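Understanding the architecture of this molecule
Residue-level listing of the chains:
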Amino acid sequence: MKSITTGLFTTAAVVVLAGCQNYTPAGDGAGSFERGKLEMSVSPAVVEQFNTLDSNGDGVIDVSEARSDSDLMGAFGTADVDSDRQLSLEEFVDSQAVNNN
């Protein structure tokens, strides 16, 4: 009986861990709390523009996506504060604030 219980427990643990393999911890990516706060603090038009430019929906605008907007492409190097060749929503919002002032 003990070996059956141990086997069931082991199987349950493996199933639970298998379900966690695609888990993404909270952070600044799409769907995170911080991202939600940022989206609520800016104009819906800015968020919509970001989502439109982020054509693959990965939560960032890379150089190939930025090419569709000549103004953004011209400011990409300055807007990409962390130099990872991607614009997060925060970097995009900051670049929009600079362009509008």
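Higher on the page you've got the structure.
Values in this document were obtained by computation on a predicted structure and should not be read as measured data. (Residues numbered from 1 in each chain as written. Predicted model: local features only at pLDDT ≥ 70, side-chain atom pairs only at ≥ 80, totals over all residues. Heavy atoms only, no water.)

A look at the overall build of the protein
- A tally of helices and strands in the protein yields six helices and two strands.
- Element order for the protein, N to C, with α for helix and β for strand: α-α-α-β-α-α-β-α.
- Looking at the 101 residues of the protein, the share that counts as buried comes to 28%.
- Of the contacts formed within the protein by residues at least 6 apart in sequence, a portion of 36% connects residues at least 24 apart.
- Accessible surface, the protein: about 7,200 Å² in total, of which carbon and sulfur atoms supply 58%. (Helix = DSSP H or I, 4+ residues; strand = E, 2+ residues; numbered from the N terminus. Buried < 20%, exposed > 50% of the residue type's maximum accessible area, 1.4 Å probe, protein only. Contact = heavy atoms within 4.5 Å. Areas by Shrake-Rupley, 256 points an atom, 1.4 Å probe, with all protein chains shown as cover.)

Section: helix α3 (residues 44-53)
- Every buried residue of α3 is accounted for by V46, V47, F50 and L53. Projection of α3 onto a plane perpendicular to its axis shows the buried side chains occupying an angular sector of 130 degrees, all on one side. Among the exposed residues of α3, those oriented more than 90 degrees off its buried face are P44, E48 and T52.
- Taking the backbone nitrogen of A45 as reference, a side-chain oxygen 3.1 Å away marks S43 as the first, capping residue of α3. (Arc of directions from axis to C-beta. Polar contact = N/O pair within 3.5 Å; in protein donor to acceptor, adjacent residues only side chain to side chain.)

Considering the side chain of R35
- Structurally, the position occupied by R35 is in helix α2 (residues 33-41).
- Looking at R35, the relative accessible area reads 6%, which means it is buried.
- In terms of polar contacts, R35 uses its side chain to reach the side chain of E39, at 2.9 Å.
- Within the local environment of R35, its side chain forms a polar contact with the backbone oxygen of G59, the two atoms lying 3.5 Å apart.

Focus on the nonpolar core
- The biggest cluster of nonpolar side chains holds 15 residues, and the ones touching the most others in it are I61, L72, L87 and F92.
- Breaking this core down by element, the ones donating at least two residues are α3, α4 (63-66), α5 (70-79) and α6 (89-100).
- With four residues, α3 is the largest single contributor of residues to this core.
- With sequence-adjacent residues up to four places away left out, F92 is seen in contact with V46, Q49, F50, L53, I61 and L72. (Core = buried A, V, L, I, M, F, W, Y, C linked by side-chain atoms within 4.5 Å.)

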